[in-house]
Amino acid sequence: MNTSRPLYKPFALDPSGLAHLIVTSLDTPPEGIEDSFDNIEVWTVKHAGPGVPVLAAGGIRPFRSTTEQLAQLGHRLGRMTAGLRFYAIGSEAFIWDAYNIAIAAGMHPSEIFLHRAGPFVRRVYCSHCRTMVEDVPANIVTCPSCEASLFVRDHFSRRLAAFMGVKVDAEVPGEVPAAEVFTS
Amino acid sequence: MKLSLKPQETYRDDYTFSNSDEAILRFPFPFPEDGYMYSVNMEPHVRGGATPVYDKVFDVDEHYIGDMADRAITLDQDPLRCQVLPHMETAEWDTLELLMESLANDYPEHFSLTKNGDKWHWINRPLEIDQTFTFGRKETLPYDPFEYITRQMQGDFSLQDQRDNNLYMDGGMVTSQADWSLNFDVGMSFHEWHGPVPLAHQAGVFDRALQYLLRLQYGKPVRRLNWTMTANPRLDTSPENYPLWGPEKAAITPENVGHRMCLRVELQTLHRLPRSNAILFSIRGYLIRLEELVKVKKWAVRMHRVIRDLHPQIAEYKGLPRYRQYVVDYFAPFDDGRTLNSGIAAEQDSI
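Residues numbered from 1 in each chain as written. Chains lettered and ligands numbered in written order. Predicted model: local features only at pLDDT ≥ 70, side-chain atom pairs only at ≥ 80, totals over all residues. Heavy atoms only, no water.

## Notes on the overall build of chain A
The condition that has to hold: The helix count covers DSSP runs of H or I at least four residues long, the strand count covers runs of E at least two residues long, and both are numbered beginning at the N terminus. Relative accessibility decides the category of a residue: with a 1.4 Å probe and only protein chains considered, values under 20% of the type maximum give buried, values over 50% give exposed, and everything between is partly exposed. Contact criterion: two residues are considered in contact whenever any of their non-hydrogen atoms come within 4.5 Å of each other. Working definition of accessibility: Shrake-Rupley area with a 1.4 Å probe, residue cover restricted to the visible protein chains.
Regarding its fold elements, chain A presents 2 helices and 12 strands. Moving toward the C terminus, one meets the helices and strands of chain A in the order β-β-β-β-β-α-β-α-β-β-β-β-β-β. Across the 184 residues that make up chain A, the buried fraction comes to 46%. In chain A, the proportion of contacts linking residues at least 24 apart, taken out of those at least 6 apart, comes to 50%. Surface summary for chain A: the accessible area is close to 9000 Å², and the carbon and sulfur share equals 56%.

Written out as structure tokens, the structure is:
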């Protein structure tokens, strides 16, 4: 087992929490929010038309992009109260970005819960030119900056929220194997 | 024995690096048996033992000047090969103290350290450095303390912070690595940075190694040997520059494998640091061309058996498959089927 890759449990609210902030990169709240919990706030990603926001309603606050959402997360966590539990749901890149923001805001790892959901896509760090390539669906991808065909190693950095990409045909240029679509 | 240093050699472009007969005989050959598998092969780092590179706390050899020049080139091109997270400053000074004291004690003809309270005077004769500074005041040095001293010591280094019952790689000087990236790995926990290593996770090697290292005591360093193979005597086999050195692997042929191919051995030592409680991990690399290695009969025979019988996943991880058969074929004529003694000693006094 490769243990640089974190393991994720199914989503569930933590009964010891007094308030719950659920941030997802998907357009709907996760299943499994039980009625018995109070003080639940859900952030989703959704827009009503090109550039048009969807208004918050019923404890659900949509953002037009994960970028907009994460940009506001630090501010929101800066005014948190004791007992808050924070949940991030989405791609590995998204949930670890959210994790790093929460840690920087002063939360303890035990107050943070991460759940991988949505399409199996990865953020890939180009080892050569340090570009981040977003939403990569398969284990070989071309770096949009330095143009290297990158093999995505099964090595994950929580700090960068990214997998390591290394030129796949460095030894014999052009010798690029067929890409395999991610299934996890 | 007095240490004499060679003039500057190169580890890139024309690759003038070579080992003297003395350097060949003191090479830390990593295979005590005819086969190889991952294990927690750590032992106390005490002076003396199966290879002369164990005689000093930090081993300096004839390649010192060339090693340091190559590090300077790599850092000039990519300063992020040296990174230390801000909370590790005490560990930086711990490192500087340990290295300066060890070098001055073990090689007084080359290095000297004089202390007058916190006013220190450091002389590094091979690199023509004469530095006075105030211990604990980094503005009195031309670089931050960890970078300052590791620009003057062979081998890579990483700094491990110990917290939450784990070790975190929160700093390093990494310019001669076997295909891993400090910029990618910095901040990772012990199991995270070992993530890509095959087989060993299942065997529990890292769980046991971590438990062992968490209990590492000040003044009782430990060591192990690790190895890989490198096409040409190149120090900078980094992921960052794989597009530069990758083609050199593909250029290995049965005709040039003996000259170009190198066995690369790491003497890894781990030292608990006194003030920070961090661990300094020294990864001291040694290169030897296969045509140099075969001058020691026992090693030539053993290399044939180890590489021939190596587990495919380990060969894959170490990047060997492209030229593995050439290496096996190169050593095969030396293997007359004799029984070899256990242990890594050369068992010959001259070449």
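## Points about the overall build of chain B
Applicable threshold: Values of the radius of gyration come from C-alpha atoms, whereas the globule rule sets the reference at 2.2 Å times the count of residues to the power 0.38.
Within chain B, the regular secondary structure consists of 13 helices and 10 strands. Taking 20 Å as the expected radius of gyration for a compact globule of 351 residues, we find that chain B reaches 20 Å, a close match to that expectation. Its C-alpha atoms give chain B principal-axis dimensions of about 60 × 45 × 40 Å. Within the span of chain B, comprising 351 residues, buried residues form 60% of the whole. Here chain B has roughly 14100 Å² of accessible surface; of this, 50% comes from carbon and sulfur atoms.

## Brief notes about the environment of aspartate 59 of chain B
All names here are of chain B. Mapped onto the elements of the fold, aspartate 59 is located in the loop between β1 (43-44) and α2 (64-77). Residue class for aspartate 59 comes out buried when judged on its relative accessible area of 3%. Expressed as a C-alpha distance, the spacing of aspartate 59 and serine 102, which sit 43 residues apart in the sequence, is 9.6 Å. Excluding its chain neighbours within four sequence positions, the residues that come into contact with aspartate 59 are Arg26, Val53, Tyr107, Met153, Gln154, Arg284 and Tyr286.

## Remarks on the nonpolar core
So the rule is basically this: The criterion is simple. A nonpolar core is a set of buried Ala, Val, Leu, Ile, Met, Phe, Trp, Tyr and Cys residues joined through side-chain atoms within 4.5 Å.
Within the largest apolar cluster, 71 residues are counted, with the highest numbers of intra-cluster contacts made by Trp227, Met229, Met261, Leu263, Met303, Ile307 and Val327 of chain B. Non-local contacts of valine 327 of chain B, meaning those with residues more than four positions away in its chain, are made with Met229, Val257, Met261, Leu290 and Ile307 of chain B.

## Observations concerning the sheet that holds β1 of chain B
Residue and element names in this part refer to chain B. To be explicit about the condition: Criterion used throughout: strands pair if DSSP finds at least two bridges between them.
Ordered by their spatial adjacency, 7 strands build an open sheet running β1-β8-β9-β10-β6-β7-β2, and the pairing between neighbours is antiparallel. Of all strands in the sheet, those with a lone pairing partner are β1 and β2 (82-84), marking the two edges. Across 7 bridges, the pairing between strand β6 (residues 156-163) and strand β7 (residues 166-173) is antiparallel. Residue pairing across strands places glutamine 160 opposite methionine 169, the latter belonging to β7.

## Digging into the sheet that holds strand β10 (residues 140-142) of chain A
All names here are of chain A. The criterion, for reference: Axes here refer to lines fitted to C-alpha atoms; in helices the fit is confined to the stretch in contact. Angles between the N-to-C directions go from 0 to 180 degrees.
If you trace the 5 strands from one edge of the open sheet to the other, you get β9-β8-β12-β11-β10, paired in mixed fashion. Both outer strands of the open sheet, β9 (132-136) and β10, are each paired with one neighbouring strand and no more. On average, each strand axis in the sheet is inclined to that of its neighbour by 40°, with strand direction left out of account. Across 3 bridges, strand β8 (residues 122-126) lies against β9 in antiparallel orientation. Pairing of valine 124 across the sheet is with valine 133, part of β9.

## Some remarks on the packing of aromatic side chains
What counts, and what does not: Each aromatic pair joins two rings of Phe, Tyr and Trp (for Trp, the six-membered one) with centres within 6.5 Å, and gets the label stacked for planes under 30 degrees apart, edge-to-face for over 60, and tilted for any other angle. In this scheme, the term charge over a ring applies when either NZ of a lysine or CZ of an arginine sits within 6 Å of the ring centre and within 35 degrees of the ring normal.
One pass over the full model with this rule turns up 27 aromatic pairs over all chains. When the centroid spacing of 5.2 Å and the interplanar angle of 40° are considered together, the rings of tyrosine 11 of chain B and phenylalanine 17 of chain B count as tilted. Looking at phenylalanine 17 of chain B, the relative accessible area reads 2%, which means it is buried. Seen from their ring centres, phenylalanine 29 of chain B and phenylalanine 31 of chain B are 5.5 Å apart, and the 80° between their planes marks the pair as edge-to-face. Chaining the aromatic ring pairs together yields one cluster made of Phe27, Phe29, Phe31, Tyr36, Trp227, Tyr286 and Trp299 of chain B. The lysine or arginine in question, arginine 61 of chain A, covers the ring of tryptophan 43 of chain A, its NZ or CZ lying 5.3 Å from the ring centre. Positioned over the ring face of phenylalanine 163 of chain A is arginine 122 of chain A, at 4.2 Å from the centre of the ring.

## A word on the pairing of strand β11 (residues 149-157) of chain A
Residues and elements named next belong to chain A. Along β11, 7 of the 9 residues are buried, which leaves the element largely enclosed by surrounding structure. With 3 bridges joining them, β10 and β11 adopt antiparallel strand pairing. Paired with isoleucine 140 across the strands is phenylalanine 151, a residue of β11. Pairing of β11 with strand β12 (residues 162-167) involves 5 bridges; the strand directions are antiparallel.

## Section: the domain arrangement of chain A
All names here are of chain A. Heads up, the rule is: Boundary definitions for the domains trace back to an automatic or database domain assignment. As used here, buried area is the combined drop in accessible area, with a 1.4 Å probe, of two parts when they are placed together. A pair is scored as a salt bridge if a Lys or Arg side-chain nitrogen falls within 4 Å of a carboxyl oxygen belonging to Asp or Glu. The definition of a polar contact used here is a pair of N or O atoms within 3.5 Å, where within protein one atom must be able to donate a hydrogen and the other to accept one, and adjacent residues in sequence count solely through side-chain atom pairs. Charged means Asp, Glu, Lys or Arg here, nonpolar means Ala, Val, Leu, Ile, Met, Phe, Trp, Tyr, Cys or Pro, and polar covers whatever is left, Gly included.
For chain A, the assigned domains are domain 1 (19-116) and domain 2 (119-184). Computed from C-alpha atoms alone, the centre-to-centre distance between domain 1 and domain 2 is 28 Å. Every contact between the two is made by 7 residues of domain 1 and, on the other side, 9 residues of domain 2. Looking only at domain 1, the three residues that lose the most surface to domain 2 are Glu92, Trp96 and Arg116, adding up to 55% of its buried area. If you look at where domain 1 meets domain 2, you find 1 salt bridge. Between arginine 123 and aspartate 97 there is a salt bridge; the shortest N-O distance is 2.6 Å. At the boundary of domain 1 with domain 2, the tally comes to 4 residue pairs in polar contact (both at pLDDT 80 or more). Per-element tally for the side of domain 1 that touches domain 2: the top contributor is helix α2 (residues 92-104), with 5 residues. Of the residues belonging to the side of domain 1 that touches domain 2, the class tally is 2 nonpolar, 2 polar and 3 charged.

## A few points about the interface of chain B and chain A
At the junction of the two partners, chain B supplies 25 residues and chain A supplies 24 residues. Of the roughly 2200 Å² buried between chain B and chain A, counting both surfaces, carbon and sulfur atoms make up 51%. For the chain B face of the interface with chain A, the top three residues by lost area are Phe184, Glu192 and Tyr242 of chain B, together amounting to 31%. Applying the counting rule to chain B against chain A returns 6 salt bridges. In this structure, lysine 249 of chain B and glutamate 171 of chain A form a salt bridge, with 2.9 Å as the shortest nitrogen-oxygen distance. Seen at the junction of chain B and chain A, the total is 13 residue pairs in polar contact (both at pLDDT 80 or more). For the side of chain B that touches chain A, the secondary structure elements donating two or more residues are α5 (182-185), α6 (190-193) and α8 (242-250) of chain B. The dominant element in the side of chain B that touches chain A, judged by the number of residues it contributes, is α8 of chain B, at 6 residues.

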